[in-house]
Amino acid sequence: HENLAIRDLNVVSYLGVPISLPAGTNVGALCAIDHQPRDWTQNDKLLLNNLAASISDLIALRIALRVALYESEQSKLTAQRLGGIIESSSQGAFTFDPDNYTFIDVNEIARKNLGYTLKELKKLTPANLKLDQSIDALLYTFDAADDPL
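Computed from a predicted structure; not experimentally measured. (Residues numbered from 1 in each chain as written. Predicted model: local features only at pLDDT ≥ 70, side-chain atom pairs only at ≥ 80, totals over all residues. Heavy atoms only, no water.)

Caption draft 1: Expanded view of the packing of aromatic side chains. Scanning the entire structure with this criterion turns up three aromatic pairs. Residues Phe-94 and Phe-96 carry aromatic rings whose centres are separated by 5.4 Å and whose planes lie at 75 degrees to one another, so their mutual orientation is edge-to-face. A relative accessible area of 28% means that Phe-96 is categorised as partly exposed. An angle of 85 degrees between the planes, with centres 5.7 Å apart, marks the rings of Phe-94 and Phe-103 as edge-to-face. (Phe/Tyr/Trp six-rings, centres within 6.5 Å; stacked < 30°, edge-to-face > 60°. Buried < 20%, exposed > 50% of the residue type's maximum accessible area, 1.4 Å probe, protein only.)

What follows is the structure in structure tokens.
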């Protein structure tokens, strides 16, 4: 079949390389054309291949960014749901950051027992709590969490 672009653009020489998705699916081509007959050199072919690979890499990065943004949004929604569950618990409940053990979510009952605001607790670990009444309140919160519902 006849490619109308070749006729309309008066293409005499053509060099094309695929642009691919990370999974290997070709989504287009990067092409070089000339209106004169020519033999494409190895350098011409290498340059076009490198440019096409760069475009494929940019597509892969954009896909990865969209996936990361979607996963981040899903993680935020999950954290909000978990926060709602923790807050509605009839017992003192909290979660910790697994890397540094700072409080992430602390429900109202636990905040009241510990004597801190959520803003204050988010800067603390259990080891940072004042040892006077707070440790007793923390132990009470742990003991109460072990009681069957």
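Caption draft 2: Structural detail: helix H2 (residues 42–87). The end-to-end C-alpha distance of H2 is 66 Å, a good match for the 68 Å that 46 residues give at a rise of 1.5 Å each. Among the residues of H2, those classed as buried are Leu-48, Ala-52, Ser-56, Gly-83 and Ile-86. Buried residues in H2 make contact with strand E1 (13–20), strand E2 (26–34), strand E3 (94–96) and strand E4 (103–106). (Helix = DSSP H or I, 4+ residues; strand = E, 2+ residues; numbered from the N terminus. Expected span 1.5 Å × (residues − 1). Contact = heavy atoms within 4.5 Å.)

Caption draft 3: Representation of the pattern of salt bridges within the structure. For the structure on display, the rule yields three salt bridges. Here Asp-44 and Arg-38 are joined by a salt bridge, their closest N and O atoms 3.0 Å apart. Judged by its relative accessible area of 35%, Arg-38 is partly exposed. Note that Arg-111 is salt-bridged to Glu-87, the shortest N-O span being 3.3 Å. (Salt bridge = Lys/Arg side-chain N within 4 Å of Asp/Glu carboxyl O.)

Caption draft 4: Main features of unusual backbone geometry. Even without being glycine, Asn-10 reaches a positive phi, approximately 55 degrees. Relative to the helices and strands, Asn-10 is located in the loop between helix H1 (4–8) and E1. Residue class for Asn-10 comes out partly exposed when judged on its relative accessible area of 49%. With a phi close to 65 degrees, Tyr-101 is a non-glycine residue in the positive phi region. Note that Tyr-101 resides in the loop between E3 and E4. With a relative accessible area of 54%, Tyr-101 lands in the exposed category.

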